[in-house]
Every structure is written in C-alpha cells, then in structure tokens.
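Next come the chains, spelled out residue by residue.
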Amino acid sequence: MSLRWGRPTVMLAAIALAASGCAQSGGEGVDRTGAELTTPIVFAAVASVDEGACPADRPNTYESRLSGAQCVVIDPDAVVEAESGSVALVAASEQTPDVPQSIELVLEDASSERLRELTAALAEQSSPRNLLVIAVEGEVVAMPAVMDELTGRTVSISGDRLTALYDRLTA
C-alpha cells in the first residue's frame, strides 16, 4: 500500500524493500541497514490544518513547512509514538550507492499494531480527514493521505533530505 503527499512521499508496506532485493547489500555508500531507532517518530491523525504558525498555547499541534507555514492540529486520541525499531537508509541502485532512495523504518510489534489500527480508521475517512502526520522532534516530515491500512511492520519514507532525516532518527 502506498500513501502519497507532495514531498516527502511515504509508503507503508508489508514487505521490506531489503527483502525484495531493492536495498544495496554491501560496499560503501548509503547502505546502513540495521541501525537502531533512537529518536521517537510520531504518527497521528490530523484533525485540522491551519495556515500560519501555531499559537504557543494551543495543545496537540505540530508546525509544518511542507506547503508553507502551517499549524497541524492532531487528534490526541489517535497517536502512535514509535520509540524503538530499526532504521535503514536504502540506496537508489548499485550504480548509485551514494544516492539514498528511501528510509526504511521497521517498527516493533506493539507500535506496528497500533499504527495498523490508526491507518485502518483513517482509510475509512474522506479527504482531508484521512491525513496522517509523521513527525520527528516536533517537526512534520510528511503528511500523506491514507488510502489503505498498514498490514506490516515496515514504513518506507522517500523524498528530500533523507540522509539528514536518517541521522536524526539514529542519533
């Protein structure tokens, strides 16, 4: 299943790209399979998106710069915070091992089950109620529309600045 939103694009998949042979398997470059997730990543249902910065006293908000300055209000009852798992930076191809194609995040079972439940509920909603915020250290890194529930443990994130995001997730 894939979830799409301008940049970056997020795909939730049941099978890891590494298992399908898409990940680089050795040598130099961006292949960093198996690093531990050390920075929590938040997945939450979007309640509303307002233009401009978030007021300092407004709860359950994240600032987004994906499409200009936006204040993303989340549903506090529909949040999954993944605090552990593994992260891999996947190369685009063997010919371009220094060019990252995606980040693969493999969640622990409890987080993946809660994310499955959240994405199942969001998939039943129409736009814009089917938006999922993905945030790291209080910053929205993606906000895809959920079209189908997640049935596996792997979240693949593609887009710009993947190496910097990978470094934040594994710092």
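Per chain, residues are indexed from 1 in the order of the written sequence. Owing to the predicted nature of the model, reporting of local features is limited to residues with pLDDT of at least 70; listing and counting of side-chain atom pairs is limited to 80 or more, with chain, interface and lining totals taken over all residues. Processing note: side-chain calculations cover all non-hydrogen atoms of the structure and skip hydrogens and water entirely.

## Thoughts on the overall build of the chain
No. 1: Secondary structure elements follow DSSP: runs of H or I no shorter than four residues count as helices, runs of E no shorter than two count as strands, and numbering proceeds from the N terminus. Tallying secondary structure elements over the chain gives 2 helices and 10 strands in all.
No. 2: Contacts in the chain between residues at least 24 apart in sequence constitute 70% of all its contacts with a sequence separation of at least 6. Every residue pair with non-hydrogen atoms within 4.5 Å of one another is taken to be in contact.

## Let's talk about helix H1 (residues 109-123)
No. 1: Here the expected length of a helix is defined as 1.5 Å per residue gap, with one fewer gap than residues. For H1, which comprises 15 residues, the first-to-last C-alpha distance of 21 Å matches the rise-based estimate of 21 Å (1.5 Å per residue) to within 8%.
No. 2: Turning to H1, its buried residues are Ser111, Ser112, Leu115, Leu118, Thr119, Ala120 and Leu122. Buried means the residue's accessible area, taken with a 1.4 Å probe over protein chains only, is under 20% of the maximum for its type, while exposed means over 50%, and partly exposed covers the values in between.

## Quick word on the pattern of salt bridges
No. 1: Salt bridges, as used here, are contacts in which a Lys or Arg side-chain nitrogen is within 4 Å of a carboxyl oxygen on Asp or Glu. Going through the model one piece at a time under the given rule, you end up with 7 salt bridges.
No. 2: A salt bridge links aspartate 109 to arginine 153, with the shortest nitrogen-to-oxygen separation between them at 3.4 Å. Linking aspartate 109 in helix H1 with arginine 153 in the loop between strand E9 (139-142) and strand E10 (154-158), this pair joins segments that are 44 residues apart in sequence.
No. 3: The partner of glutamate 149 in a salt bridge is arginine 116, and the shortest N-O contact between them spans 3.0 Å.

## Thoughts on the nonpolar core
No. 1: Ile41, Phe43, Ile103, Leu105, Leu118 and Leu169 are the most contacted members of the largest nonpolar core, which totals 28 residues.
No. 2: If one sorts the elements of this core by residue count, helix H2 (residues 162-170) sits on top with 4 residues.
No. 3: Apart from the residues lying within four places of it in its own chain, the contact partners of phenylalanine 43 are Ala78, Val79, Val80, Ala82, Leu105, Leu107, Leu115, Leu118, Leu132, Val133, Ile134 and Val155.
No. 4: Among the buried residues, those of types Ala, Val, Leu, Ile, Met, Phe, Trp, Tyr and Cys that are joined through side-chain atoms within 4.5 Å form a nonpolar core. In this structure, Val42, Ile74, Ala135 and Val140 belong to the second largest nonpolar core, which totals 13 residues.

## A few points about the pairing of strand E6 (residues 85-91)
No. 1: Burial within E6 is extensive, with 6 of its 7 residues counted as buried.
No. 2: Taken together, the 2 bridges between strand E2 (residues 35-36) and E6 define a ladder with antiparallel strand orientation. Counted as the bridge partner of glutamate 36 is serine 86 from E6.
No. 3: We call two strands paired when DSSP finds no fewer than two bridges between them. Of the pairings in the sheet, the one linking E6 to strand E7 (residues 100-107) comprises 7 bridges and is antiparallel in character. Bridge pairing in E7 places alanine 91 opposite proline 100.

## Some points on the state of the cysteines
No. 1: The rule for a disulfide is simple: a pair of cysteine sulfur atoms within 2.5 Å. In the structure shown here, the tally under the stated rule is 1 disulfide.
No. 2: The partner cysteine of cysteine 54 in its disulfide is cysteine 71, sulfur to sulfur 2.3 Å. The disulfide joining cysteine 54 to cysteine 71 has a torsion of about 110 degrees about its S-S bond and is therefore right-handed. Taken as a pair, cysteine 54 in the loop between strand E3 (41-51) and strand E4 (61-64) and cysteine 71 in strand E5 (residues 70-82) lie far apart in primary sequence, 17 residues in all. The burial state of cysteine 54 is the same as that of cysteine 71; both residues are buried.

## Regarding the side chain of asparagine 130
No. 1: Looking at the secondary structure, you find asparagine 130 in the loop between H1 and strand E8 (132-136).
No. 2: Not counting chain neighbours up to four residues away, the residues in contact with asparagine 130 comprise Leu122, Gln125, Pro144, Ala145, Val146 and Met147.

## Focus: unusual backbone geometry
No. 1: Here serine 127 and proline 128 are connected by a cis peptide whose omega angle stands at 5 degrees.
No. 2: In this fold, proline 128 is placed in the loop between H1 and E8.
No. 3: Even without glycine at this site, glutamate 137 takes up a positive phi of about 50 degrees.
No. 4: Relative to the helices and strands, glutamate 137 is located in the loop between E8 and E9.
No. 5: Non-glycine residue arginine 161 carries a positive phi angle of around 55 degrees.
No. 6: Note that arginine 161 resides in the loop between E10 and H2.

## Some details on the environment of glutamate 81
No. 1: Relative to the helices and strands, glutamate 81 resides in strand E5.
No. 2: Looking at glutamate 81, the relative accessible area reads 37%, which means it is partly exposed.
No. 3: Through-space distance from the C-alpha of glutamate 81 to that of valine 42 is 4.5 Å; in sequence the pair is 39 residues apart.
No. 4: Not counting the four nearest positions on each side in its chain, glutamate 81 is found in contact with Pro40, Ile41, Val42, Ser111 and Arg114.

These values are about where atoms sit, not about what they do.
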